[in-house]
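# Report on the structure
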Amino acid sequence: MKTDVLVIGSGAGGTVTALTLAEGGREVVVLEEGARYSTADYGRTPTMAMGRMFRARGMNPIMGSVPVAYAEGCCVGGSTEINSGFWSRPPADLLAHWKYEFNLADASESDLIEHYGWAERELGVGLFGRPWPPSTAVFDRGLQAMGWKGGEQPRAAPGCSNTNTCAQGCPTAAKQGMSVQLLPRAERAGARVLAGYRVERLLRAGARIRGVRARILDGEDAGRRVEIAAEHVFVCCGPTETPALLRRSGITHAVGNTLGLHPYLKVVARFPEIIDADKSVMPLIQVKEFSPDVTMGGAYFTPGHAAVMLNENPMEEARDREVRRHMAAYYVGVRGTGRGSVRPSWIGDGLPRIHYWMSREDVTNLSRGFAQMSRLLLAAGAEVVYPASFGLPPVRSEADARAWLERDLPWTDLALQTVHLFSSCPIGERPERCVADSFGRVRGVTGLSINDASMLPDSPGVNPQATVMAMARRNALEFLRRAARVVVAP
Ligand SMILES: Cc1cc2nc3c(=O)[nH]c(=O)nc-3n(C[C@H](O)[C@H](O)[C@H](O)COP(=O)(O)OP(=O)(O)OC[C@H]3O[C@@H](n4cnc5c(N)ncnc54)[C@H](O)[C@@H]3O)c2cc1C
Ligand code: SF4
């Protein structure tokens, strides 16, 4: 098979790349490892969804100073199919910092604003609006009582109808995963999407990338390997698989050495009133008082997720279904100032090996964040706050909460989670630390770009999807512009 442009991965970065290039008149093929599902397949049980749509059924461990559980999507639409749809633009000074640190060209707030605006219009980003579900309303009550900055966070889920199955795929198509509108639009513009194709290697002719070798995963050709030739390859496999594929293909300079992530500590609060958190969308408020170092927001709550969160500190009452009706889950997230690495699997299971070394600053911020979150929830009327961390006592009073303002949570007992990884292949004009130039063109080879969360030079400090989409569109448009210049030039 031959194509003009090959896009690997159909998540936030891959879909925007495919759409922009197909609408720009290029011949595009998208190879996606995961299967394609329709909204009729979505909203099933968490176990079924994790088996179908998550990489490794949602069990991606990150090893290092503190173990972190990581989940990402592996299906047509990638992680956007299972994410929560929260939408954030990063602050202008963070983008300015990227320019200073990485010499990143043309990515200031004013350069990116049209691309954020484009994505927001396409995805119908907006507020859920009142009346809020109880898990949101109590959180807001705490926010008001503390007098802190924050409020309802916009989402890419217009018309959300509270099925509480965002992580299982949205069965109403309210949440704008890439499979809902943008990828079909790319197909209407001529892009071909092949699901169930895992790219194993990039193929080279000297310094030129000439295509890929992929393994077919499903159907009667399952197990067969195919080669696909392309004039240009965009790798959009996400923050762990992109560096793993580059390294498997012999491209190693600065690849997979600077992984960043947002570590999250979950808490479960019990209120006197009935909340029924599993019957509505997750809490919609984000607390900005301590951002960008610490953010707080709402976490997904199902009986299974509650069991996992409370399992760190088992207690009899959580077994009681009636007690669970009074609970809701929230998170404390930190910017992530530690660093990690990604390497391809060495035991043949296909899963990249991910390591992350938490910084002391992150642990201190988590501890302070936990203290402040507990204070807010107590002010909201919570009777008790359970940290989803091994052996830590529940917080029942202001004094219990304030204790964590003075000392750090014990590293060895932390049980953290994340769904935000990035920066494993930073872009910019500092060749010694940037895998690719400011527009994602990989150094040392021709015919190869990266265009997904791996390219963000550093932590965006906020939900990353908006920035992945904005930067991906900027890069794809620049690719079209340069190609047009080459054709026009004599
Ligand atoms: C549960 C969850 C909740 C989240 N909530 C939010 C949120 O509320 N707001 C927000 O901004 N962000 C959220 N995120 C993060 C956000 O979804 C990601 O940052 C974003 O999707 C990253 O885009 P990407 O293109 O880099 O990767 P992805 O969207 O993950 O897409 C990568 C795609 O590449 C495919 N792929 C990988 N390797 C190969 C290969 N070798 N061959 C072929 N295909 C391959 C994968 O199967 C996948 O489909 C969440 C993520 C998760 C998992
Ligand atoms: S809670 Fe809203 S956005 Fe999430 S799956 Fe249900 S309808 Fe879709």
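The following paragraphs examine the structure supplied in this document. The structure presented is a predicted model; accordingly, all values stated were derived computationally and were not measured.

Counting its secondary structure elements, the protein contains 12 helices and 20 strands. Each of the three principal axes of the protein carries a C-alpha extent, and together these read 75 × 45 × 45 Å. For the protein, the share of sequence-separated contacts (at least 6 apart) that also reach a separation of at least 24 residues comes to 74%. Summing over all exposed atoms, the protein offers an accessible surface of approximately 18700 Å²; the carbon and sulfur share of this is 52%.

Here we take up the site of ligand 1. Around ligand 1, the structure places 38 residues, and the nearest of them are Glu32, Ser79, Phe86, Ala453 and Gln465. In the environment of ligand 1, a nitrogen atom lies 3.3 Å from a nitrogen or oxygen atom belonging to the backbone of Ser84. Of the residues in the shell around ligand 1, the class split is 16 nonpolar, 15 polar and 7 charged.

This part takes up helix H4 (residues 109-123). Here H4 is 15 residues long and its end C-alpha atoms lie 20 Å apart, about the 21 Å a rise of 1.5 Å per residue gives. Of all the positions in H4, only Leu112, His115, Tyr116, Gly117, Trp118, Ala119, Glu120 and Leu123 are classed as buried. Downstream of H4 by a residue or two, Gly124 has a phi angle that is positive, lying close to 65°.

In this model helix H10 (residues 360-379) runs 29 Å from its N-terminal to its C-terminal C-alpha over 20 residues, within 8% of the 28 Å that 1.5 Å per residue would give. The element H10 is largely enclosed, with a buried count of 15 among its 20 residues. After H10 finishes, the residue Gly381 shows a positive phi value of roughly 110°.

Let's shift gears to the pattern of salt bridges. One pass over the structure, following the stated rule, counts 32 salt bridges. A salt bridge links Arg325 to Asp276; the shortest N-O distance between them is 2.9 Å. Linking Arg325 in the loop between helix H9 (321-324) and strand S14 (327-334) with Asp276 in the loop between strand S11 (264-270) and strand S12 (285-287), this pair joins segments that are 49 residues apart in sequence. Classification of Asp276 as buried rests on a relative accessible area of 14%.

The next point concerns the side chain of Thr165. Mapped onto the elements of the fold, Thr165 is located in the loop between strand S5 (150-152) and helix H6 (182-188). Thr165 sits in the buried class, given a relative accessible area of 10%. Discounting chain neighbours no more than four positions away, the residues touching Thr165 are Gly43, Cys170, Pro171 and Tyr300.

With that out of the way, let us pick up the environment of Pro393. The residue Pro393 is located in the loop between strand S17 (384-387) and helix H11 (398-406) in this model. Using a relative accessible area of 48% as the deciding quantity, one classes Pro393 as partly exposed. Along the sequence, Pro393 and Asn313 sit 80 residues apart, while their C-alpha atoms lie 8.0 Å from each other.

Moving on: the packing of aromatic side chains. Counting across every chain of the model gives 5 aromatic pairs. Across the ring face of Trp132, the terminal group of Arg130 is positioned such that the distance to the ring centre comes to 3.9 Å. The ring centre of Phe86 lies 5.6 Å from the NZ or CZ of Arg155, which sits over that ring.

Before going further, it helps to spend a moment on the nonpolar core. Soluble globular proteins: nonpolar side chains tend toward being buried together. One finds Phe139, Phe271, Tyr330 and Leu377 to be the most contacted residues of the largest nonpolar core, which totals 81 residues. Broken down by element, this core gets its largest block of residues, 8 residues, from H10. Beyond its immediate chain neighbours, meaning those up to four positions away, Leu377 contacts Phe139, Val267, Ala269, Phe271, Tyr330, Ala382 and Val385.

Thresholds applied
- Residues numbered from 1 in each chain as written.
- Chains lettered and ligands numbered in written order.
- Predicted model: local features only at pLDDT ≥ 70, side-chain atom pairs only at ≥ 80, totals over all residues.
- Heavy atoms only, no water.
- Helix = DSSP H or I, 4+ residues; strand = E, 2+ residues; numbered from the N terminus.
- Contact = heavy atoms within 4.5 Å.
- Areas by Shrake-Rupley, 256 points an atom, 1.4 Å probe, with all protein chains shown as cover.
- Near = heavy atom within 4 Å.
- Polar contact = N/O pair within 3.5 Å; in protein donor to acceptor, adjacent residues only side chain to side chain.
- Nonpolar A, V, L, I, M, F, W, Y, C, P; charged D, E, K, R; others polar.
- Expected span 1.5 Å × (residues − 1).
- Buried < 20%, exposed > 50% of the residue type's maximum accessible area, 1.4 Å probe, protein only.
- Salt bridge = Lys/Arg side-chain N within 4 Å of Asp/Glu carboxyl O.
- Phe/Tyr/Trp six-rings, centres within 6.5 Å; stacked < 30°, edge-to-face > 60°.
- Lys NZ or Arg CZ within 6 Å of the ring centre and 35° of its normal.
- Core = buried A, V, L, I, M, F, W, Y, C linked by side-chain atoms within 4.5 Å.

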